[in-house]
Amino acid sequence: MRFRPGSVSILAVIAASFIVLPLIVDFGSSTMNILILLFVYIILSQSWNLMGGYTGQINLGFAAFFGCGVLITHLLWKSGFPIYLAIVVGGLSAALLAVVIGLPTLHLRGAYFAIGTIALAEALRIVIGNIFPSSLSLPGSYASNFNVFPRYYLGFGIAVLTLVTVYLLIQSKFGLAMVCVRDDEEAAQVTGINTFKTKFIALLISAFLAGLAGGVYAFNRFYFHHISAVFEPIWTFEPLMAVVIGGSGTLIGPVIGSIFLVVLSEVFVQILGEAHLIIFGILLIPVVLYSPSGLVGWMDWLKKVIGGLTRNNER
Amino acid sequence: MEMFTQTIAYGILVGAMYGLLTLGLGLLMGVMKFLNVAHGTFIVLGGYVSYWLFTRYGLNPYLSIPLVIAVMFLVGLVVYKVTLSPLLKLPSVGNRLNSSMLITFGIIYVVDNLMTIFWKPDVRSIVAPFTGRSMELFGTKFSITGLCGFAVAIVVAVALYFVLGRTQFGKHVRAATQDAEAASLCGINVHRTYLISSGIAIALAGVAGVIIVSSYSISPNGGLRWLLVAFVVMILAGEGNINAIVPAGLILGLLEAVGVFIIGAPYRQVVALVIFIVILIFRPQGLFRKRRLAT
């Protein structure tokens, strides 16, 4: 996928509006928090997409990386580290965790990789829950001069970094190897691709980015009732849904999926309360069955239809 | 010593239940190559049906099993018809596995939240007169609910063995498992076989739910815990090896009980998951190697 000058300028306008608008218009703190959550979801879904969409390995233990990022960032920040350093270390420790989880599970094929990762992530969640049974919170001094802007721009910056990283990866030879592994692992091996190494590196990058997302999340929260809540499988399932509904194996799909997910949750939580997630289940099933390319596929189809109509009119 | 025999007894009772709650997952995976991630959710649903019959009509949970089977069988038919049968068109087994996983994810979200709407997110369990009572056999205490669960597990496993091994339908299932195309050329209605197998698989999950709601507790999003147990047992038994599932469940129950005896109760689930990873790495074909027919 190459960008044309037109789409580059559209992207520049979108990015500029994300940077400038909050400074001019006062959105209020709840909207800003939703936007930060949206950035977290974009980072998470895009990094899940790197493994699930491009490399074809369905990672159900993804929450472990996010949770690791949150926990390490929170603990380091509390012990006096500067927050930006803490976030980077959080990302690195998630990558380290990926080494531990990846070495045994990446040898497994297909569904067994999925089952193996969810088993390890659950084991980790239970251990963390036993180590930190009580709530974790930051001292009051951290909250006294709270300012939402650094959090917003950090989230935005890392979301852009994630998208650029994935874009550059796909353009590279390594990206081609990832797609080969997804399409046919045996054939990829025969043509001389080191499939284990490819999957391993993809997992490391994906985990590092998920750890950074955890850092953004930890930066915005001062109090965790149960720290094991950030290791809950929901942090795997929701990015997975965003990717599949948006369009897996595409650059823009997870972004659309995340926006869709966050906006719909905000709308339906008012109507259905706790049960609002039912909407995503109802959406996910037909998408998997009838349009595996997700919302991006619908947009392409729409574009084709509109293009066909205008051409007919010209004639 | 008494402590130890008690541990073993507990392990056997729990292990039989582990076997029972895996049968449905193993059947879907073995016969159709569908990985049903929503298996735990269907277990919980079966538990709620039984709970509802108990609180509404005072029906003994073990007597409600036939009704639960009927309801969950219908649920299984609907699930197969609406969501799983379109997947049979997919060309490769790997595709089918991954897509069935994603679809059953969607089912988790739908069914979990429906249960939250109907039964509220509270934790529920059936408290019957015999709950919490135990009886003594050979100097060891066995809880009544545990013994009933054990009996149900054995009866169900033996029944399933006879259905799959000794009936015409079972023959069709085995044929469709080995080679769906060849089976359909021989005049077997593969779709109907799959449909009924799905119904049976979900009904088996429902039976497990009845046992769980009467000896443990259920909540709308508590399915994941049982799903993980079922995964572990399925891997221990070996994929597609349905007859080995209950023995594998017993092995897991015993190992877990001994593990908890040594390192403590908070790490109960961790023991199972570690066993699981070790098996996945060193013996991915399962503990019981399946006898292969000469070809």
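Residues numbered from 1 in each chain as written. Chains lettered and ligands numbered in written order. Predicted model: local features only at pLDDT ≥ 70, side-chain atom pairs only at ≥ 80, totals over all residues.

Looking at the overall build of chain A
Part 1 of the argument: Summing up its helical and strand segments, chain A has 14 helices and two strands in all.
Part 2 of the argument: Over its C-alpha trace chain A gives a radius of gyration of 20 Å, about what one expects of a compact globule, namely 20 Å for 315 residues.
Part 3 of the argument: Judged by the C-alpha coordinates and their principal axes, chain A covers about 70 × 55 × 40 Å.
Part 4 of the argument: Residues counted as buried form 45% of the 315 residues belonging to chain A. (Helix = DSSP H or I, 4+ residues; strand = E, 2+ residues; numbered from the N terminus. Rg over C-alpha atoms; globule rule 2.2 N^0.38 Å. Buried ≥ 20, exposed ≤ 12 C-beta atoms within 10 Å, placed from the backbone.)

Looking at the overall build of chain B
Part 1 of the argument: Of regular secondary structure, chain B possesses 11 helices and two strands.
Part 2 of the argument: Sequence-ordered secondary structure for chain B, helices as α and strands as β, is α-α-α-α-β-β-α-α-α-α-α-α-α.
Part 3 of the argument: Expressed along its principal axes, the backbone C-alpha trace of chain B runs to roughly 60 × 45 × 35 Å.
Part 4 of the argument: Split into buried and exposed, the 295 residues of chain B put 52% on the buried side.

Some remarks on the nonpolar core
Residues and elements named next belong to chain B.
Part 1 of the argument: Counting residues in each nonpolar core, the largest one holds 194 residues, and the members touching the most others are L20, V207 and V233.
Part 2 of the argument: When residues in this core are grouped by element, the largest group, 15 residues, is from helix α1 (residues 2–32).
Part 3 of the argument: Discounting chain neighbours no more than four positions away, the residues touching V207 are L20, G46, I65, V68, I69, V152 and V156. (Core = buried A, V, L, I, M, F, W, Y, C linked by C-beta atoms within 7 Å. Contact = placed C-beta atoms within 7 Å.)

A look at the packing of α1(B) against helix α5 (residues 144–166) of chain B
Residues and elements named next belong to chain B.
Part 1 of the argument: Contact pair α1 / α5: the axes reach a minimum separation of 8 Å and the direction vectors enclose 40°. In terms of their interaxial angle, α1 and α5 are classed as oblique. When the axes of α1 and α5 are compared, the crossing they make is left-handed. Residues L13, A16, M17, G19, L20 and L23 of α1 pack against G146, L147, G149, F150, V152, A153, I154, V156, A157 and L160 of α5.
Part 2 of the argument: Split by residue class, the contact of α1 with α5 holds 13 nonpolar, three polar and no charged. (Axes fitted to C-alpha atoms, helices over the stretch in contact; angles between N-to-C directions. Parallel < 35°, antiparallel > 145°, perpendicular 65-115°, else oblique. Left-handed = near helix turned anticlockwise from the far one by under 90°. Nonpolar A, V, L, I, M, F, W, Y, C, P; charged D, E, K, R; others polar.)

Concerning unusual backbone geometry
Residues and elements named next belong to chain B.
Part 1 of the argument: Notably, K33 is not glycine yet its phi reads approximately 60°, a positive angle.
Part 2 of the argument: Summarising the element assignment, K33 is placed in the loop between α1 and α2 (39–57).
Part 3 of the argument: Look at K33 and you get buried, because 21 C-beta atoms sit within 10 Å.

Notes on the interface of chain A and chain B
Quite often, the size of an interface is put as the accessible area lost when its parts meet.
Part 1 of the argument: In this complex, chain A contributes 30 residues to the contact, which on the side of chain B involves 35 residues.
Part 2 of the argument: When residues of the side of chain A that touches chain B are traced back to their parent elements, those giving at least two are α5 (111–131), α11 (234–246) and α13 (278–290) of chain A.
Part 3 of the argument: With 12 residues, α5(A) is the single largest residue contributor to the side of chain A that touches chain B.
Part 4 of the argument: Residues belonging to the side of chain A that touches chain B are distributed by class as follows: 24 nonpolar, four polar and two charged.

Here we look at the confidence of the model for chain B
Residues and elements named next belong to chain B.
Part 1 of the argument: Considering every residue of chain B, the mean pLDDT works out to 84; 97% of them sit at 70 or more.
Part 2 of the argument: For chain B, strand β1 (residues 134–137) is the element with the lowest average pLDDT, namely 72, and helix α3 (residues 65–84) is the one with the highest, namely 91.
Part 3 of the argument: Across the whole predicted complex the pTM is 0.86, and at the interface the ipTM reaches 0.81. (pLDDT = per-residue confidence, 0-100.)

Describing the environment of A:L309
Part 1 of the argument: Mapped onto the elements of the fold, A:L309 is located in helix α14 (residues 294–314).
Part 2 of the argument: In sequence terms A:L309 and A:I128 are 181 residues apart; their C-alpha atoms lie 58 Å from each other.

Structural notes on helix α10 (residues 245–263) of chain B
All names here are of chain B.
Part 1 of the argument: The terminal C-alpha atoms of α10, which comprises 19 residues, lie 26 Å apart, in line with the 27 Å expected from a rise of 1.5 Å per residue.
Part 2 of the argument: Residues of α10 that are buried in the fold lie against α1, α5, α9 (223–237) and α11 (268–282).
Part 3 of the argument: Backbone geometry just after α10 places G264 at a positive phi near 110°. (Expected span 1.5 Å × (residues − 1).)

Considerations on the environment of A:N147
Residues and elements named next belong to chain A.
Part 1 of the argument: With respect to the element layout, N147 can be found in the loop between α6 (140–144) and α7 (148–171).
Part 2 of the argument: The exposure class of N147 is exposed, given the 7 C-beta atoms found within 10 Å.
Part 3 of the argument: Sequence spacing of N147 and N220 is 73 residues, and the spatial spacing of their C-alpha atoms is 9.7 Å.

A look at the confidence of the model for chain A
Part 1 of the argument: Put simply, chain A has an average pLDDT of 85, and 97% of its residues get 70 or more.
Part 2 of the argument: For chain A, per-element mean pLDDT is lowest for α6(A), which scores 72, and highest for helix α10 (residues 195–219) of chain A, which scores 93.

Notes on the environment of A:H276
All names here are of chain A.
Part 1 of the argument: Its location among the elements puts H276 in the loop between α12 (253–272) and α13.
Part 2 of the argument: H276 gets classed as partly exposed once you count the C-beta atoms within 10 Å, which come to 17.
Part 3 of the argument: Note: C-alpha distance between H276 and L264 (12 residues apart in sequence) is 8.8 Å.
Part 4 of the argument: Not counting chain neighbours up to four residues away, the residues in contact with H276 comprise S265, F268 and V269.

Details of the packing of α5(B) against helix α6 (residues 168–178) of chain B
All names here are of chain B.
Part 1 of the argument: Their axes nearest at 5 Å, the elements α5 and α6 cross at an angle of 75°. One way to sum up the angle between α5 and α6 is to call them roughly perpendicular. Along its contact with α5, which presents V163, L164, G165 and R166, the element α6 presents F169, G170, V173 and R174.
Part 2 of the argument: Split by residue class, the contact of α5 with α6 holds four nonpolar, two polar and two charged.

Here we look at helix α2 (residues 29–54) of chain A
Residue and element names in this part refer to chain A.
Part 1 of the argument: Its 26 residues give α2 an end-to-end C-alpha distance of 36 Å, which sits within 8% of 38 Å, the value for a rise of 1.5 Å per residue.
Part 2 of the argument: Taken as a whole, α2 carries its principal kink of about 35° at W48.
Part 3 of the argument: Just past α2, the residue G56 takes up positive phi, approximately 75°. (Bend = angle between axes of the 7 residues up to and from the residue.)

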